[in-house]
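# Observations on the three-dimensional arrangement
These are the residues of each chain, in order.
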2 protein chains.
Amino acid sequence: MQIRDLGEFGLIERLNAMVTQQRRGPDNGSAHGFKLLVDTGDDTAAWVSGAATELFTTDTVVEGVHFTRETTPWPDLGWKSLASNISDIAAMGGLPLYALVTLGLPPETEVADIESLYRGMLEIGEKYGVAIIGGDMVRSPVAFITVALTGVRQGNPMQRTTAQVGDKVAVTGYVGSSGGGLKLMLEGLAAPAEAGSHLREAHRRPLPAVAEGQLLSQAGVLTAMDVSDGLADDLSKLCLASGLAARIYGEQVPAHPLLKQAFPNDYLDLALNGGEDYLLLFVAPGPVMNEVIPALPEGAAVVGEITGGPAGQVTLVSASGEEAIVSRSGWDHFG
Amino acid sequence: MQIRDLGEFGLIERLNAMVTQQRRGPDNGSAHGFKLLVDTGDDTAAWVSGAATELFTTDTVVEGVHFTRETTPWPDLGWKSLASNISDIAAMGGLPLYALVTLGLPPETEVADIESLYRGMLEIGEKYGVAIIGGDMVRSPVAFITVALTGVRQGNPMQRTTAQVGDKVAVTGYVGSSGGGLKLMLEGLAAPAEAGSHLREAHRRPLPAVAEGQLLSQAGVLTAMDVSDGLADDLSKLCLASGLAARIYGEQVPAHPLLKQAFPNDYLDLALNGGEDYLLLFVAPGPVMNEVIPALPEGAAVVGEITGGPAGQVTLVSASGEEAIVSRSGWDHFG
């Protein structure tokens, strides 16, 4: 059987089962006072070390699969390569710390382009307090960038596994603008200047929600993940991890007015499935939501609730009350 | 200018200068009591956190560049992908802890092959106490594997920058066997059964020197790195980091008797330039060497000494006293 038949998530499930069930050996971590807190399967792994909880994540982009040089100039690619990892740390309520950068590059790559890439990484590193402290560089017929990032927080991270039936589901900002920006560029569409600029900027320079993640966690939110593959699919993954389902209300999904202006017919589809928003999706009982949302500098929008039902199923309820299943298992990168 | 013109090490030097000189921002690490101890440019990065020194490294292999499925079956590829990272932790005198595994894979990859790959990773993980606790999986036209690994130790790591003129240079085991195994397979050469088996095993299942690294560091050795690109080139990198040169004596370079048997004419070349040995190269004053070598379970061989001269230059002295410069700047993966 090939990966394209089993699917990415089927393979990940098999490999995660292997590493957690067949893991043996001396366990160096516990011998040194480290205690594994979050194993494979969440936004980051986590362990306790002394007074701190340490976080550890990695994310990779491949040219032609996740980006093209046309839609993502080198400095923006640098920014985004770190942003996607910072966003995973944010989803655990952590502060990002140290990064290792791996570059796979064809020998004919321009040195000036790689310096531009690093300039973008340094810009977002400066903004979020992340230091690049090493990495690896290898020759490769296709360009790819892998970032591994550590983070820190006190106490238990927010996780995907802790949703409860009846909890409300919310997002920390407008979804779909990044996907709208990509669609504008890929299809060479015209848009009013202000809308075009907002959407392209959302795609090229996403702002991970580190401060929001810390506020949410301090306010007692236990369940969160970042929105990277689209609200519908990411909510589906969160539900799957918690063994539950969810319902979202189309009218409550927050799409930016400029996204609606540029895509009056497609904005809801982009808001649900666009990807690369790097906001936080979080889940909490109603009373917690009522307290935490006003405490967020830019607020958040309740978009639905957690329900029983097939694990991972997300149902969209339209303004007229019609229901449609919008996601079951997350986006398959190999499909 | 393209990377192939500037060379890998020229580019790494430029990027390292960018990240260390242009790094700004809030520095989350120090705000949380972390103190950066070893910045980019050594076998691993390192920081102090509470009572522990934490280590952080990453290493990548690309199909067709670093391995082929013919010479490295999937389980061995899994073993080696972790081994090269464990070896970097060993070179700092640390104990490896937690790994993230990133796979870039074509959709037509067989699921059973990836399960074999993970089986090899779990085998070496079990042996060395490393737990795989997450990662990433992406579609890619070319297969690649990136491992990011953390480690831990007490106190200051061994580094590349601390060699002194007059220090002795030693290695913890036989060099060149891995390169000999690869040469046998690539060229389809015949070798006596025992030799063939030793050399292929050395190539496919290297054993990083974690215990040796800890013993060396405890015994007061300050300077080490792992031998991954070949003794000559790795010694050259160590010398460059310390701003010094070195001299090695061909007759003292430890080649395994079975390597000599299989390659009576090429064994010294393989021992100097073979790569993927994953032993430790270490440097210390004579009296320290005299104390530490007998304390190592398998001993070590003194192969030369640190000298003044052009930074990074390694000179080979033959049995008859002839001198030849064998390395200046490390292996260029893009050349």
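Our structure is the block above this text.
Residues numbered from 1 in each chain as written. Chains lettered and ligands numbered in written order. Predicted model: local features only at pLDDT ≥ 70, side-chain atom pairs only at ≥ 80, totals over all residues. Heavy atoms only, no water.

### A word on the nonpolar core
Leu103(A), Phe282(A), Leu103(B) and Phe282(B) are the most contacted members of the largest nonpolar core, which totals 132 residues. Not counting the four nearest positions on each side in its chain, Leu103(A) is found in contact with Ile114(A), Leu117(A), Tyr118(A), Asp136(A), Met137(A), Val138(A), Phe144(A), Ile145(A) and Leu15(B). (Core = buried A, V, L, I, M, F, W, Y, C linked by side-chain atoms within 4.5 Å. Buried < 20%, exposed > 50% of the residue type's maximum accessible area, 1.4 Å probe, protein only. Contact = heavy atoms within 4.5 Å.)

### Re the sheet that holds strand β9 (residues 245-249) of chain B
Residue and element names in this part refer to chain B. Across the sheet, seven strands lie side by side as β8-β10-β7-β11-β9-β12-β13; this open sheet has mixed pairing. Of all the strands in the sheet, the pair left with one neighbour each is β8 (223-227) and β13 (323-327). Across this sheet, the average inter-strand angle for adjacent strands is 30 degrees, counted without regard to direction. Sitting on the sheet, helix α9 (residues 231-242) touches β7 (168-171), β8, β9, β10 (279-284), β11 (301-307), β12 (314-317) and β13, and the angle it makes with β8 is about 150 degrees. (Pairing = 2+ DSSP bridges. Helix = DSSP H or I, 4+ residues; strand = E, 2+ residues; numbered from the N terminus. Axes fitted to C-alpha atoms, helices over the stretch in contact; angles between N-to-C directions.)

### Quick word on the interface of chain B and chain A
Contacts between the two partners involve 83 residues from chain B, matched on the other side by 82 residues from chain A. Between chain B and chain A, a total of about 7,400 Å² is buried, with carbon and sulfur atoms accounting for 68% of that surface. For the chain B face of the interface with chain A, the top three residues by lost area are Tyr98(B), Met137(B) and Arg139(B), together amounting to 9%. Viewed at the interface, chain A and chain B are joined by four salt bridges. Glu115(B) is the partner of Arg14(A) in a salt bridge, and the nearest nitrogen-oxygen pair spans 3.2 Å. Here chain B is connected to chain A by 28 residue pairs in polar contact (both at pLDDT 80 or more). In the side of chain B that touches chain A, the residues fall into 44 nonpolar, 22 polar and 17 charged. (Buried area = accessible area lost by both parts, 1.4 Å probe. Salt bridge = Lys/Arg side-chain N within 4 Å of Asp/Glu carboxyl O. Polar contact = N/O pair within 3.5 Å; in protein donor to acceptor, adjacent residues only side chain to side chain. Nonpolar A, V, L, I, M, F, W, Y, C, P; charged D, E, K, R; others polar.)

### Details of the relation of the copies chain B and chain A
It takes a turn of 180 degrees to lay chain B on chain A, together with a shift of 0.0 Å along the axis; the resulting RMSD is 0.0 Å. Here the two chains are linked by the operation of a two-fold rotation axis. When the interface residues of chain B are mapped onto chain A, 99% of them are again interface residues, pointing to one common binding face. (Least-squares fit on C-alpha atoms with pLDDT ≥ 70 in both.)

### Remarks on the environment of Val171(B)
Residue and element names in this part refer to chain B. In this fold, Val171 is placed in strand β7. The exposure class assigned to Val171 is buried, which follows from its relative accessible area of 0%. For the pair Val171 and Glu54, spaced 117 residues apart in sequence, the C-alpha separation works out to 25 Å.

### Considering the environment of Ala91(B)
Residues and elements named next belong to chain B. Tracing the sequence through the fold places Ala91 in helix α4 (residues 74-91). Taking the C-alpha atoms as reference points, Ala91 and Gly213, separated by 122 residues in sequence, lie 5.8 Å from one another. Setting aside chain neighbours within four positions, we find Ala91 in contact with Asp43, Met158, Ala224, Met225, Asp226 and Leu280.

### With respect to the pairing of β11(B)
Residue and element names in this part refer to chain B. Buried residues dominate β11, accounting for five of its seven residues. Looking at chain direction, β7 and β11 are connected through four bridges and run antiparallel. Directly across from Ala170, in β11, lies its bridge partner Val302. Here β9 runs beside β11; their pairing, made up of four bridges, is antiparallel. Within the sheet, the bridge partner assigned to Ala246 lies in β11 and is Ile306.

### So, the pattern of salt bridges
All names here are of chain A. The final tally for this structure, using the stated rule, is 32 salt bridges over all chains. Here Arg205 and Asp76 are joined by a salt bridge, their closest N and O atoms 2.7 Å apart. Here Arg205 is found in the loop between α7 (193-204) and α8 (210-218), whereas its partner Asp76 is found in helix α4 (residues 74-91), with 129 residues between them in sequence. Take Arg205 and Asp76: they sit in the same class, and that class is buried. One continuous salt-bridge network, built from bridges that share partners, spans Asp76, Glu123, Arg204 and Arg205.

### Digging into the packing of helix α6 (residues 177-187) of chain B against helix α7 (residues 193-204) of chain B
All names here are of chain B. Running from amino to carboxyl end, α6 crosses α7 at an angle of 110 degrees, the nearest separation of the two axes being 7 Å. One way to sum up the angle between α6 and α7 is to call them roughly perpendicular. Residue-level inspection shows Ser177, Ser178, Gly180, Gly181, Leu182, Leu184 and Met185 of α6 in contact with α7, the latter providing Gly196, His198, Leu199, Arg200, Ala202, His203 and Arg204. For the contact of α6 with α7, the residue count by class is five nonpolar, seven polar and two charged. (Parallel < 35°, antiparallel > 145°, perpendicular 65-115°, else oblique.)

So far we have only geometry, and geometry alone does not tell us how the molecule works.
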